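Take a look at the letters that make up each chain.
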Amino acid sequence: MLYSLLPKSQVKVHVLKQFAAAVSASLALSAITSLKPSPVLAASNIPPANQTSTQLATKLDSSLQLGQLRSTVPVQTMQLAPGGFIPIAIGGMIIILVLPLFFGGLVVIGDREVGIVSKKFSFGGNSLPPGDLIALNGEAGYQADTLPPGWHWGYWPLQYNVRKESLTVVPQGEIALIIAAGGQSIPPQRILGQITECDNFQDARKFLKGGGEKGRQLGIVTGGSYRINTALFTVITAANAAKHGMTAELLKLYKIAPDKVGIVTTFDGVPIQDGEIAGPIIPNHDNFQNAQKFIAAGGRRGLQEQVLLSGSWNLNPWFVGVDQVAMTEIPIGYVGAVISYVGKTSEDVSGAAFTHGNLVNVGNKGVWVTPLYPGKHPLNTRILKVELVPTTNIVLNWSGKTERHSYDSKLSSLTVRSQDGFAFDLEVAQIIHVGALDAPKVISRVGSMQNLVDHVLQPTIGNYFRNSAQAYSVLDFLSARSGRQAEAAEYIKAALRTYDVQAIDTLIGDILPPAELMQTQTDRKIAEEQCKTYEVQQVAQTQRQQLVRETALAEIQQEMVKSEQGVKISELKANSQVKQAQGEAESIRVKGNAQAEAYRAGVVALGGSGYTALQLMQIIGDRHVRVVPDVAVTGNGSGGGLVDGLLGMMMWNQTSKNGENGGELPLLNLQKSEPTVLESATKLPVAKVHSAKPPESRANSPVANSESDIDSRFDELPFDDRSFS
């Protein structure tokens, strides 16, 4: 029966049961040999099986005495002699226990045990070679072979010492390290013993014959139960790690978090070549879990280019050390320019135009021509350096303000000096942009974005504004700020283009001139603003007046409409009168021409004097001109002429009031004499022309009016005074 799956206490119980069975068998054998014959008994007197021998003897004696034998059937019994049990038991125990031990060499190994054999002496006189601890050919000392579970004969106590030890159990999720006490010496160039095929250190003979090396081993033991010869191998587990100066964590599966990367350092192998800082990538060693393959393939000790990704790994802490670091993250809006310190040295692929650095292909030593784009990358940060380059617009402030990227943390406002000798502070903001494909060129040229700001932008922009400020006075610089800003933008854009950097814009911020100069400007500005205020107020008053005027006009709009219509009517009337006057003038002109023709005809017919006299008489008759005065005052020498005249006037006035003819005295009506010579004289036309000259100042009497009319008529006649002579 297999007891390998039973606990150790149950195994001991089964061994004790086997021992008890052996003892019972020995006692039974001894009892049979010590029995002797007893008297013949009748069948009816055969005692029951449950009676003892003493009771049987007593009953037999009583039956014989009473003569109660009822049958003559012969029955023979065996009787145990008194005192024969103890010697038999002692003898059986000696046969079973002592004889196999001393003469058979029996060793019993439990199912969960392993027997470590130590030989005390050898009959052949063989002894171990110097330096060996484990015997392979029967020499005295610890034997390479162990005893598996079961009964083993021939291991006499006088010659052998068998030590029973429990199986070596490595829990799941843990590893065990091995230290070999025997074997060949480790070469000086290595620090760990090579891996030898020995069934996970369970076959010490194979280990020693296969070239196993003493000391710490490259090989490890993973989770499980093992029968290991502890005389040759020391097994270090998490349970006893503290006894060997180690921590239990080192003997557990090494786990790398999902967002981490393991940077590996090996402690055994060929030294790294000169000029290199890390060992090259070695294939087919199962991520450093097979240390022997790594060393056999030429793996080098020290920092490794290869990294471990997330997962659990069976790693020998004597062979490899792992440092977990976060994955390299490239944020959105950035690219990563990779600087590699390992790899093959290859030719520059940047082109002939780029003369300020070298760019290499991915995997070679130098600045990689291809940048890393946003995301997480499992990079070995011990051999690769990633410079983050923003691909969005970067604002740099030469002032007290600092952006989140902190590239401008060391920048401050510029102190410049003007043409007129004033020193003043100038705040500037510069916006730049670096393209994704230009990022490796920028890093190859200046090394980092901070170097770009400190070694390129700061001196370029600072010197430009210091030089440009000296060409202007402070006030000119203030007044022409936009012009200075445009000039600066053009200059800086051209300067940064040579560094593969795009200058988006240059902005001039606050300008801080001297306080005393600024005070004069402030006063002047206040005065100008006051003037503007007054002008605005004046405009407001003008507008208010205009509003009042418009309001009044709106109120008299009806009257204005009437007046405008009246003006138009007057204009129309004036135009009508002009037209009428023009018509009358034309009529007068026509009449005048006709009268002139009539005068000419009259003169021709009557002669100048006759025609003139005719015209005079006709005028006197048409106008009722008085030829005789109303009151005639004559001087007769008596001196009363004036009084007579006044009396005559008074009488005339009285008469004119009471006269039948309206107060007028009867006038002498002169009758026109008919012409006797020229009968056709009355038929001649008479021209009546009004004089354009104004009459002289005379009394408004009828005689004066008649005289003026007569004079005007004489002036209008077409002949001179010579015609009357």
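We now turn to the structure provided with this report. (Residues numbered from 1 in each chain as written. Predicted model: local features only at pLDDT ≥ 70, side-chain atom pairs only at ≥ 80, totals over all residues. Heavy atoms only, no water.)

### Focus on a nonpolar patch on the surface
Here comes step 1: A contiguous nonpolar surface patch, about 300 Å² in accessible area, is contributed by Val-643, Leu-647 and Met-650.
Here comes step 2: As for its placement among the helices and strands, Val-643 is situated in helix α13 (residues 641-658).
Here comes step 3: Here Val-643 falls in the partly exposed class, since its relative accessible area comes to 49%. (Patch = residues over 30% accessible without salt bridge, like charges linked within 9 Å, V, L, I, M, F, W, Y side chains within 5 Å. Areas by Shrake-Rupley, 256 points an atom, 1.4 Å probe, with all protein chains shown as cover. Salt bridge = Lys/Arg side-chain N within 4 Å of Asp/Glu carboxyl O. Helix = DSSP H or I, 4+ residues; strand = E, 2+ residues; numbered from the N terminus. Buried < 20%, exposed > 50% of the residue type's maximum accessible area, 1.4 Å probe, protein only.)

### A look at the packing of aromatic side chains
Here comes step 1: Inspection of every chain in the model, using the stated rule, returns 10 aromatic pairs.
Here comes step 2: A ring pair is formed by Phe-207 and Phe-233, whose centres lie 4.9 Å apart and whose planes are at 80°; its orientation type is edge-to-face. Taken together, the residues span a long stretch of sequence, with Phe-207 in helix α4 (residues 204-209) and Phe-233 in strand β13 (residues 233-236) at a distance of 26 residues.
Here comes step 3: Residues Tyr-464 and Phe-465 carry aromatic rings whose centres are separated by 5.3 Å and whose planes lie at 75° to one another, so their mutual orientation is edge-to-face. Like Phe-465, Tyr-464 is buried.
Here comes step 4: Among the aromatic residues, ring-to-ring pairing joins Phe-201, Phe-207 and Phe-233 into one connected group.
Here comes step 5: One residue, Arg-484, lies across the ring of Tyr-472, its end atom 3.9 Å from the ring centre. (Phe/Tyr/Trp six-rings, centres within 6.5 Å; stacked < 30°, edge-to-face > 60°. Lys NZ or Arg CZ within 6 Å of the ring centre and 35° of its normal.)

### So, the pairing of strand β15 (residues 260-266)
Here comes step 1: Most of β15 is tucked away, with 5 of its 7 residues classed as buried.
Here comes step 2: Two strands pair when backbone bridges link them, and β15 and strand β18 (residues 320-326) are joined in this way by 7 bridges, in the antiparallel orientation. Among the inter-strand pairings, Gly-262 is bridged to a residue of β18, identified as Gln-324.
Here comes step 3: As paired elements, β15 and strand β16 (residues 302-308) share 4 bridges and run antiparallel to each other. The residue of β16 that forms the bridge with Thr-265 is Leu-303. (Pairing = 2+ DSSP bridges.)

### Comments concerning the sheet that holds β13
Here comes step 1: Spatially, β11-β10-β13 is the arrangement adopted by the 3 strands of the open sheet, whose pairing is antiparallel. Since the sheet does not close on itself, it has two edges, and those belong to β11 (215-221) and β13, each with one partner. Ignoring strand direction, the axes of neighbouring strands in this sheet form an average angle of 30°.
Here comes step 2: As defined by bridge partners, strand β10 (residues 176-180) adjoins β13 across 4 bridges and the pair is classed as antiparallel. (Axes fitted to C-alpha atoms, helices over the stretch in contact; angles between N-to-C directions.)

### Some remarks on the pattern of salt bridges
Pairs may arise between side chains of opposite charge once their charged atoms sit close together.
Here comes step 1: For the structure on display, the rule yields 14 salt bridges.
Here comes step 2: The shortest N-O distance in the salt bridge between Glu-249 and Lys-252 comes to 3.7 Å.
Here comes step 3: Residue Glu-249 is classed as exposed on the basis of its relative accessible area of 58%.
Here comes step 4: What emerges from the salt-bridge pattern is a single network uniting Lys-525, Glu-529 and Lys-532.

### Section: the packing of helix α6 (residues 439-446) against helix α7 (residues 449-469)
Here comes step 1: Between α6 and α7, whose axes approach to 9 Å, the crossing angle comes to 60°. In terms of axis orientation, α6 runs oblique to α7. Our pair here, α6 against α7, has a crossing hand that is left-handed. Touching Val-442, Ile-443 and Val-446 of α6 are Met-449, Asn-451, Leu-452 and Val-456, all from α7.
Here comes step 2: The class makeup of the residues in the contact of α6 with α7 is 6 nonpolar, 1 polar and no charged. (Parallel < 35°, antiparallel > 145°, perpendicular 65-115°, else oblique. Left-handed = near helix turned anticlockwise from the far one by under 90°. Contact = heavy atoms within 4.5 Å. Nonpolar A, V, L, I, M, F, W, Y, C, P; charged D, E, K, R; others polar.)

### Considering the packing of helix α11 (residues 557-606) against helix α12 (residues 608-623)
Here comes step 1: Axis separation between α11 and α12 bottoms out at 6 Å; the angle between their running directions is 120°. It follows from the interaxial angle that α11 and α12 lie oblique. Considering the relative orientation of α11 and α12, their crossing is right-handed. Packed against α11, whose contacting residues are Ala-598, Tyr-599, Gly-602, Val-603 and Leu-606, the element α12 presents Gly-608, Gly-610, Tyr-611 and Leu-614 at the interface.
Here comes step 2: In terms of residue class, the contact of α11 with α12 is built from 6 nonpolar, 3 polar and no charged.

Nothing here speaks to function; it is all geometry.
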